[in-house]
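# Structural overview for review
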Amino acid sequence: MVDGGVRRGTDIVKALAMGANVVFVGRPVVHALAAGGQAGVERMLAILDEELRSAMALVGASCPEALDRYMVQRPGERPPRRPVQPSKL
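Residues numbered from 1 in each chain as written. Predicted model: local features only at pLDDT ≥ 70, side-chain atom pairs only at ≥ 80, totals over all residues. Heavy atoms only, no water.

### Thoughts on the confidence of the model for the protein chain
The cut-off we apply is this: pLDDT is defined as a per-residue confidence score from the predictor, taking values between 0 and 100. Helix and strand labels come from DSSP, where a helix needs a run of H or I of at least four residues and a strand needs a run of E of at least two; each type is numbered from the N terminus.
On average, residues of the protein chain score 90 in pLDDT, and 99% of them are at 70 or above. Averaged pLDDT values for the elements of the protein chain fall to 88 in strand β1 (residues 2-3) and rise to 95 in helix α2 (residues 27-59).

Okay, structure coming up:
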């Protein structure tokens, strides 16, 4: 579960890839509500959805369940590598 710091669709992708089952989006909703009422929240959700789909496409995930730890690199760490599967020769 991730609660806090989510501002963009890429934040959602990173949280899901790192193992979160749930990602809460609080502050952007409050700001959108204050700025544009219900229409503002609907627009904000549409933007998040568009960013989420775009980010998933860029990492090669067709659905949120396809996201995994090997798609995220933390600052200062070497790129994560998938375990090598032994060949069937």
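After presenting the structure, the write-up continues.
### Here's the deal with a nonpolar patch on the surface
As a reminder of what qualifies: Residues enter patches when they are more than 30% accessible in relative terms and free of salt bridges; like-charged ones are connected within 9 Å and nonpolar ones (Val, Leu, Ile, Met, Phe, Trp, Tyr) within 5 Å. Reported accessibility uses the Shrake-Rupley method at a 1.4 Å probe radius. Residues are deemed covered only where the shown protein chains occlude them. Here, a salt bridge means any side-chain nitrogen of Lys or Arg that lies within 4 Å of a carboxyl oxygen of Asp or Glu. Here the term buried applies to any residue with accessible area under 20% of the maximum for its type, exposed to any over 50%, and partly exposed to those in between, with areas from a 1.4 Å probe on protein chains only.
A cluster of nonpolar side chains, Met1, Val22 and Phe24, forms an exposed patch at the surface whose accessible area comes to about 320 Å². Within the secondary structure, Val22 sits in the loop between α1 (9-17) and β2 (23-24). Accessibility expressed as a relative area gives 37% for Val22, which makes it partly exposed.

### Concerning the nonpolar core
Quick note on the threshold: To define a nonpolar core, start from buried Ala, Val, Leu, Ile, Met, Phe, Trp, Tyr and Cys residues and group those joined through side-chain atoms within 4.5 Å.
Of all hydrophobic cores here, the largest spans 18 residues; its most connected members are Ile12, Val13, Val23, Met56 and Leu67. Elements with a contribution of two residues or more to this core: α1 and α2.

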